[in-house]
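What follows is each chain in one-letter form.
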Amino acid sequence: FDLRFALPPTEGIIKDEGSKPSPNTIFLRKLAMHQAEFANKAPGLQMIEEEKEALSDAPGGESDCDGSDRTKEMKRREKLGLFLELLLLSELRKQLSAVAAAEYDNAEWIDDANDDIDSVGSISDVSADIGVEQEYAIAARILRPFLTWCRMMEVGIVTCLAPSFDKETSMVPLPISLKESETAIEVSADAISKFVDGGDGIIRRMIQPGSGVEFRTLRLGDGGESAMVVLFSKKEAVAWLLNNEVEKHEDEALKRLKTMEKSRVIEPIDLRLLAPKTYKKTMKDEEEKETINTGEISVESGIRYRLVDPWEVEPLHSREGETRGASLGRQHLLSFSLGRVAASSEDGFRSMGGHHLLELWAATRGGVSLTKTLATVHAPWERAAGGDLLLCDGAIAEPSAYESSIREHLYRNTLFRRLELPQRFMALIQVELLDLKNLTSPGGSLSLTVYSLLRLKRARSSAPLTSKARTLDSVATPPVKLAKTSGPNAPASWGSLVRFRYPLPENTAIDGRSQDNDCEALFKGPPSVLQVSVYEKKFITDAYLGGADVKLDGLGSGGQLEEWVPLKSETHGINWFARIRLTLRFELMCLAQENESLESLEDMAPSVGLKRIKQLCSMGGAQMDLKKSVSTPDLLSYFESMVY
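The notes below deal with the structure included here.

1. Observations concerning the pattern of salt bridges
No. 1: Following the criterion strictly, the structure yields 32 salt bridges and no others.
No. 2: The salt bridge partner of E73 is R76, with a shortest N-O separation of 3.7 Å. Taken together, the residues E73 and R76, both in helix α3 (residues 64-101) and three residues apart, mark about one turn of the helix.
No. 3: The partner of R581 in a salt bridge is E432, with the nearest N and O atoms 3.6 Å apart. In this pair, R581 sits in strand β20 (residues 573-591) while E432 sits in strand β12 (residues 423-438), placing the two residues 149 residues apart along the sequence.
No. 4: Salt bridges sharing common partners tie together R319, E322, R499, R585 and E587.

2. Here we look at the packing of helix α7 (residues 234-243) against helix α8 (residues 250-262)
No. 1: Where α7 contacts α8, the two axes come as close as 9 Å, and the packing angle between them is 120°. One way to sum up the angle between α7 and α8 is to call them oblique. Like other packed secondary-structure pairs, α7 and α8 cross with a definite hand, here right-handed. Residues K234, A237, V238, L241 and L242 of α7 form the contact with α8, whose participating residues are E250, A253, L254, R256 and L257.

3. So, the packing of aromatic side chains
No. 1: Counted according to the given criterion, the structure contains nine aromatic pairs.
No. 2: With centroids separated by 5.6 Å and ring planes inclined at 10°, the aromatic side chains of Y451 and Y535 adopt a geometry described as stacked. Residue Y451 is located in strand β13 (residues 448-457), and its partner Y535 is located in strand β17 (residues 529-536); the two are separated by 84 residues in the primary sequence.
No. 3: We classify Y451 as buried; its relative accessible area is 8%.
No. 4: Of the aromatic side chains, those joined through ring pairs into one cluster are F83, F349 and W361.
No. 5: The ring of W564 has K437 sitting right over it, with the charged end atom 4.7 Å from the ring centre.

4. A short note on helix α17 (residues 608-620)
No. 1: Given a rise of 1.5 Å per residue, 13 residues ought to cover 18 Å, and the 19 Å separating the end C-alpha atoms of α17 matches this to within 8%.
No. 2: G621 occupies a position one or two residues after α17 and carries a positive phi of about 80°.

5. Re the nonpolar core
No. 1: Counting residues in hydrophobic clusters, the biggest one holds 72 residues, and the most contacted among them are Y502 and L530.
No. 2: When residues no more than four places from it in sequence are discounted, the contact partners of L530 are V431, L454, R455, L456, F500, A548, D549, V550, L552 and L582.
No. 3: Formed by 23 residues, the second largest nonpolar core is a distinct cluster that contains I202, I203, A253 and L522.

6. Examining the sheet that holds strand β5 (residues 266-270)
No. 1: Read across the sheet, five strands follow the order β5-β6-β4-β3-β21 without closing on themselves; strand pairing throughout is antiparallel. Looking along the sheet, the strands with just one partner apiece sit at the ends: β5 and β21 (622-624). Taking the axes of each pair of neighbouring strands and ignoring which way they run, one obtains an average angle of 40° across the sheet.
No. 2: Bridge count between β5 and strand β6 (residues 303-307): five bridges; the pairing is antiparallel. If you follow P268 over to β6, its bridge partner there is Y305.

Reading the values: rules and limits
Residues numbered from 1 in each chain as written. Predicted model: local features only at pLDDT ≥ 70, side-chain atom pairs only at ≥ 80, totals over all residues. Heavy atoms only, no water. Salt bridge = Lys/Arg side-chain N within 4 Å of Asp/Glu carboxyl O. Helix = DSSP H or I, 4+ residues; strand = E, 2+ residues; numbered from the N terminus. Axes fitted to C-alpha atoms, helices over the stretch in contact; angles between N-to-C directions. Parallel < 35°, antiparallel > 145°, perpendicular 65-115°, else oblique. Left-handed = near helix turned anticlockwise from the far one by under 90°. Contact = heavy atoms within 4.5 Å. Phe/Tyr/Trp six-rings, centres within 6.5 Å; stacked < 30°, edge-to-face > 60°. Buried < 20%, exposed > 50% of the residue type's maximum accessible area, 1.4 Å probe, protein only. Lys NZ or Arg CZ within 6 Å of the ring centre and 35° of its normal. Expected span 1.5 Å × (residues − 1). Core = buried A, V, L, I, M, F, W, Y, C linked by side-chain atoms within 4.5 Å. Pairing = 2+ DSSP bridges.

Here's what the structure looks like:
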């Protein structure tokens, strides 16, 4: 449009008299007209309008699922198109503002003969003796219409990309397929991929008394590196599905379990490969049982399942593991990559404007800008911060800093999900054990070698954390020899560091509650307590110095929490204090595509739980608890602490 970036306009944009407009004015007018013409004639936008009309005129018999998918895709294209428009305006604003604010020492380009005497507000008046404030005022007057346009676009796109809190907390019902008959409308048995529940309801019924499914403890490792995991048999699960008429045939029951595996509600473990000796003992025990009433089930008897917590925690031993891809919780998370981000929006822009619009999106680094925008957006309840406190029965009901941080990043994950982008936030907690102090030693701390067992858990969990009873998500710090210190109650420097990370589940509302009531009953909310057990390393039996549960309520995103924690022992009370520093951060990852093959997922995002089980089996083997477990309501709390 012949915009004079090197030569500022010789005529003012806003003036009372004169007839010579600025080239910038012509450019901005053409830009606005071109934008309006593009909105009216762009093939992608024309297709959106045609689809809207088709949906409005569609007969009632049309599939609601197909119409919902098309409506969702249209809204997604509209959001991406609006953001691209705002991005282009922002880039032009930078360029024009730089031209308007530039200082020109050389005035050879000024042509006094062509200047209009009646012109007011031209930047070419630099030859006159004017002040800095007047120069700024002139530049602001020239760009004010364009800046107002940009600002109105920014205001309008907020409600489109970042909607209100109420719209995003509504529960999304799980899809089901219905079949109409002459007498009734019932759930279709043909569509295997769409069930009334997501699998947690089945697990919840299996653990009830008298279900016939036995849950046994597999003890892994030996010595200092050991853990326990709860498993149940695939063969018994198939028999339960058939006996309770959840499925009619064995093939359908196997498909149901396969679907639960794919959604990572359960994870298969083959004892024949991990622990051959344990498998033989288990087989010998199963041979003594009576044959199942429904007949012989042709299922591999060596396959066991473990339950997967949506908030599964992974302990990390190095900083490199913070952004490493992993199958954690019920998600396959990959390292953040700009290539994956760019590929996720290619189809949308290619369908809206073809290859040219896609090149424009790439040239303006739209993927990076959109990621930064959504990753830093403020949640709706934070935009109105500073108002009245929330009260419930006279008590303050405001969420803690830790809960607010989780809710904020769940909201941002929701924004990425609405645009069908792969970016997802993952929580990361860093624990530093700084010092250890003994109150019973006034002359100073004695020389001893200590280590600690650490674990993130939920507040309601009461499972002990000892060297003999550990879960897969617990970690032991390396033994550190603390030097003897002098002085009254002088602390000994410790210096151990451990990191934990856990995902933010997909099927979770912004307040942290699962949209599946059965899943919420089994796994209620994120871990909110750090469990600490400190031991003194000795030759035969390690001495227990004490333990503590550290609440994470005061820990906010990007902040630190440091305090002296009393270590309580049942025999000696409180004699030791540990100084602990906690840090909470959120790392951006990418979800794996749905069409990824199983082999590629095992390579790029290996299962955290299965990897840990294999590691412990290689170190000390595995031993199955052959004692029959009894399914009771108390088993729910047992699962909560042992299921990882």
